[in-house]
Amino acid sequence: MPKPTEEDILLRRISRRFQKALTDYHLIQDADRILVGLSGGKDSLCLLEMLARRRRILKPSFDVEAVHVRMDNIRYETDISYLEQFTADLGIRLHIVNTGFEYDESKGKPRCFLCSWQRRKQMFNLAQELGFNKIALGHHQDDIIHTAMMNIFFQGHFSTMPASLTMKKMPITIIRPLCLVAEKDIRLLADLHHYQKLIKICPYETDSHRADMADMFAKIEKMNPEARYSVWNALESEGKLME
């Protein structure tokens, strides 16, 4: 029997964590229609690949399509031809939506907030128009932990992006199937599978404190390698991962 390759071992680890998230948080049911938010970054590419693999299994039976939202007035560039080929290779339909927003500094809303809000709005609109009942986003475990830290330090409350969030004003549930997958594993997979990087990242990315939280948490993990599991257990015990 051939010895497992580095790729085999990595895929098994990611697949186990991916499947555990689907099971533990009841993320996918039979007949679901799932729209994946495909930004073009490594996380959303990994998510789409994992969902495409999972779809080959008969139960539960579900549909998957992807949407890529292009912002006309933010230079966050992706190679559309690459995304089209990537999704075609997986047998998944890709929708391209172009939009934009007006920025008024006097209103106090940062560009990152407005851009994110507009992208979500376009995804929700398309999901409802085409009859999808779930939107899948590529947030991984590190994203969710860093969000919890930001909310504690800057907002004064213990909360985060849940693995599953049922919207109150529309028949859509947001799911995060990579919620148990570590970012370092996604980065390794991106290298092994030669995911193409964005042509140009968002010029306003540094407006956020997220990078600071990532650096802080990396130092915490050096002090305590089990820190991510402690934070995760706290989020679970407080019911912050299912809404």
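Refer to the structure presented above.
For the structure given in this document, a descriptive report is provided here.

The rules behind these values
- Residues numbered from 1 in each chain as written.
- Predicted model: local features only at pLDDT ≥ 70, side-chain atom pairs only at ≥ 80, totals over all residues.
- Heavy atoms only, no water.
- Helix = DSSP H or I, 4+ residues; strand = E, 2+ residues; numbered from the N terminus.
- Rg over C-alpha atoms; globule rule 2.2 N^0.38 Å.
- Buried < 20%, exposed > 50% of the residue type's maximum accessible area, 1.4 Å probe, protein only.
- Areas by Shrake-Rupley, 256 points an atom, 1.4 Å probe, with all protein chains shown as cover.
- Lys, Arg positive; Asp, Glu negative; His and termini not counted.
- Charge placed at Lys NZ, Arg CZ, Asp CG, Glu CD.
- Expected span 1.5 Å × (residues − 1).
- Core = buried A, V, L, I, M, F, W, Y, C linked by side-chain atoms within 4.5 Å.
- Contact = heavy atoms within 4.5 Å.
- Arc of directions from axis to C-beta.
- Salt bridge = Lys/Arg side-chain N within 4 Å of Asp/Glu carboxyl O.
- Phe/Tyr/Trp six-rings, centres within 6.5 Å; stacked < 30°, edge-to-face > 60°.
- Patch = residues over 30% accessible without salt bridge, like charges linked within 9 Å, V, L, I, M, F, W, Y side chains within 5 Å.
- Right-handed = clockwise from strand over helix to strand, strands pointing away.
- Pairing = 2+ DSSP bridges.

Re the overall build of the protein
Inference 1: The helix and strand inventory of the protein stands at 8 helices and 6 strands.
Inference 2: For the protein, whose C-alpha radius of gyration is 18 Å, the value lies close to the compact-globule estimate of 18 Å for 243 residues.
Inference 3: Oriented by its inertia axes, the alpha-carbon framework of the protein measures out at about 65 × 45 × 35 Å.
Inference 4: The burial tally for the protein puts 46% of its 243 residues in the buried class.
Inference 5: Entry remark: accessible area of the protein is about 13400 Å², with carbon and sulfur atoms responsible for 52%.
Inference 6: The positive charge centre, built from 35 side chains, and the negative charge centre, built from 33, are 2 Å apart in the protein.

Looking at helix α5 (residues 141-155)
Inference 1: Its 15 residues give α5 an end-to-end C-alpha distance of 20 Å, which sits within 8% of 21 Å, the value for a rise of 1.5 Å per residue.
Inference 2: Among the 15 residues of α5, 11 are classified as buried, and the element is accordingly described as predominantly covered.
Inference 3: Directly after α5, the chain includes Gly156, whose backbone phi takes a positive value near 80 degrees.

Digging into the nonpolar core
Inference 1: Counting residues in each nonpolar core, the largest one holds 51 residues, and the members touching the most others are Tyr25, Val36, Leu48, Leu51 and Trp232.
Inference 2: The dominant element in this core, judged by the number of residues it contributes, is helix α2 (residues 42-55), at 7 residues.
Inference 3: When neighbours within four sequence positions are excluded, Leu51 is seen to be in contact with Phe18, Ile28, Val36, Phe62, Val64 and Ala136.
Inference 4: Core analysis: the second largest hydrophobic core is formed by 14 residues, Val97, Met123, Phe124 and Ile174 among them.

Observations concerning helix α1 (residues 6-24)
One full turn of an α-helix is made of 3.6 residues, so residues set three or four places apart face in the same direction.
Inference 1: In a regular helix each residue adds 1.5 Å, so 19 residues correspond to 27 Å; α1 covers 27 Å between its end C-alpha atoms and thus fits that length.
Inference 2: Turning to α1, its buried residues are Leu10, Leu11, Ile14, Phe18, Ala21 and Leu22. Around the axis of α1, the buried residues are gathered within 100 degrees of arc, so they sit on the same side.
Inference 3: Immediately downstream of α1, the backbone of His26 shows phi near 50 degrees, a positive value.

A look at the side chain of Asp143
Inference 1: Here Asp143 is to be found in helix α5.
Inference 2: Look at Asp143: it is buried, it has no salt bridge, and the nearest opposite charge is Arg210 at 4.5 Å.
Inference 3: Once residues lying within four places of it in the same chain are set aside, the contact partners of Asp143 are Asp43, Gly138, Met161 and Arg210.

What to know about the packing of aromatic side chains
Inference 1: The tally for this structure, following the rule as stated, stands at 2 aromatic pairs.
Inference 2: Aromatic pair Tyr82 and Phe86: ring centres 6.0 Å apart, planes at 40 degrees, arrangement tilted. Taken together, the residues span about one helical turn, with Tyr82 and Phe86 both in helix α3 (residues 80-90) at a distance of 4 residues.
Inference 3: Accessibility expressed as a relative area gives 17% for Tyr82, which makes it buried.
Inference 4: Arranged with centres 5.7 Å apart and planes meeting at 85 degrees, the rings of Phe86 and Tyr195 form a pair that is edge-to-face. One end of the pair, Phe86, is in helix α3; the other, Tyr195, is in the loop between α6 (183-192) and α7 (210-223), with 109 residues separating them in the sequence. Note on accessibility: Phe86 and Tyr195 belong to one class, buried.

Let's talk about a nonpolar patch on the surface
Inference 1: Together, Ile152, Phe153, Phe154 and Met216 give the surface a local cluster of nonpolar side chains, amounting to about 380 Å² of exposed area.
Inference 2: When residues in the nonpolar patch are grouped by element, the largest group, 3 residues, is from α5.
Inference 3: Its place among the elements puts Phe153 in helix α5.

Here's the deal with the pattern of salt bridges
Inference 1: Applying the stated criterion to the full structure yields 12 salt bridges.
Inference 2: Among the salt bridges present, the one from Asp63 reaches Arg33, with a minimum N-O distance of 3.7 Å. Of this pair, Asp63 sits in strand β2 (residues 63-71) while Arg33 sits in strand β1 (residues 33-37), and the two are 30 residues apart along the sequence.
Inference 3: The partner of Lys42 in a salt bridge is Asp43, and the shortest N-O contact between them spans 3.2 Å.
Inference 4: A relative accessible area of 24% places Lys42 in the partly exposed class.
Inference 5: Judged by its relative accessible area of 17%, Asp43 falls in the buried class.

Topic: the pairing of β2
Inference 1: In terms of burial, β2 is a largely internal element, 7 of the 9 residues being buried.
Inference 2: A crossover connection joins β1 to the parallel β2 through α2; in handedness this β-α-β unit is right-handed.
Inference 3: Here β2 pairs with strand β3 (residues 93-99) via 7 bridges, running parallel. If you follow Val67 over to β3, its bridge partner there is His95.

Function cannot be inferred from these measures alone, as they are strictly geometric.
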